[in-house]
Amino acid sequence: MRIKVLGCSGGVGPGLRTTSLLVDDEILIDAGTGVGDMSLNQQRRIRHVFLTHCHLDHVCGLAFLADNLFDLIDRPIEVHATAETLASVREHIFNWKIWPDFSTLPNEQEPLLRWRKVLTGEPFDLEQGRSLIAFPVLHTVPAVGYALQGQRGTFVFSGDTYADDRLWSALNRLPRLDKLMIEIAFPDEQAALGHASKHFTPALLGAELRKLEHRPKLYLTHHKPGCEPAIEKQCKDALRDWDYVHLQRGDTISFS
Ligand SMILES: [Zn+2]
Ligand SMILES: [Zn+2]
């Protein structure tokens, strides 16, 4: 199982792309601006897209992916998300105003995109011994994280989230948790903004992690552009007991 980080920033700028993870060359988890760095051939190989929530930094690449692949693929890309997230992207993006409804193009029988409702807690089989399961997280809109279980270990992506016991109890229920990609958007001095926008800060994540019964390696993500130095400095103290890295675009997380 190989996860390539196409984007993991909380914003855009030189060298920065928003959240998108490419799993084994055929699955995207979120479709932020990182999607734009894939070649057409790489884009053609995508079979599934799993969305954590409807925010633009996590879904905007889906619009361009569908447009690029018009006439280039012969079966739909399955777009998996909760009912709330699907309703939002359909109503507000693929609505024939912001963008065409690619779930009806080129025709309704064989469209470019096919919407698939995700139910939290129900595993989705991805073949080759892999499965993916969604769990609810706390954010300003309905949101989920995903646990990707393979034969050699379990990778979890929290999506955008905040302090919430449901997160830790979902993770504690997993039989194993080897690698946890989790967000820190703001430094501690912006904790009020983090609370309002439901994003972690270093001190809050450090305190919340005491509820986690697994001991995964941490992959920190979604730092807002310009906040990286302060977040990195504060993590040295807040996460001093943890094995962690600040994830960068282009990094690969693999299980071997
Ligand atoms: Zn968000
Ligand atoms: Zn985000």
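In short, a report on the structure.

Thresholds, definitions, all that
Residues numbered from 1 in each chain as written. Chains lettered and ligands numbered in written order. Predicted model: local features only at pLDDT ≥ 70, side-chain atom pairs only at ≥ 80, totals over all residues. Heavy atoms only, no water. Core = buried A, V, L, I, M, F, W, Y, C linked by side-chain atoms within 4.5 Å. Buried < 20%, exposed > 50% of the residue type's maximum accessible area, 1.4 Å probe, protein only. Helix = DSSP H or I, 4+ residues; strand = E, 2+ residues; numbered from the N terminus. Contact = heavy atoms within 4.5 Å. Salt bridge = Lys/Arg side-chain N within 4 Å of Asp/Glu carboxyl O.

### Thoughts on the nonpolar core
Counting residues in each nonpolar core, the largest one holds 29 residues, and the members touching the most others are Leu28, Val49, Leu62, Ile77 and Leu113. Among the secondary structure elements, those contributing two or more residues to this core are helix H2 (56-68), strand S5 (77-81), helix H3 (83-92) and strand S6 (113-117). Per-element tally for this core: the top contributor is H2, with five residues. Beyond its immediate sequence surroundings of up to four residues, Leu62 is in contact with Ala31, Val49, Leu51, Val79, Phe94, Leu113 and Trp115. Core analysis: the next-biggest nonpolar cluster, separate from the first, contains 27 residues, Ile133, Ala143, Leu171 and Leu220 among them.

### Some words on the side chain of Thr201
Within the secondary structure layout, Thr201 lies in the loop between helix H5 (191-197) and helix H6 (202-208). Residues within four places of Thr201 in sequence aside, it is in contact with Ile184, Phe186, Pro187, Asp188, Gln190 and Ala191.

### Describing the pattern of salt bridges
Applying the stated criterion across every chain, the model contains eleven salt bridges. Salt-bridge contacts for Arg116 lead to Glu78; the nearest nitrogen and oxygen are separated by 2.6 Å. You can see Arg116 sitting in strand S6 and its partner Glu78 sitting in strand S5, a full 38 residues away along the chain. The exposure class assigned to Arg116 is partly exposed, which follows from its relative accessible area of 34%. With a shortest N-O distance of 2.8 Å, Asp165 and Lys211 are connected by a salt bridge. Note that Asp165 is positioned in helix H4 (residues 165-173) and Lys211 in the loop between H6 and strand S12 (217-221), a separation of 46 residues in sequence. Classification of Lys211 by relative accessible area gives partly exposed; the value is 36%.

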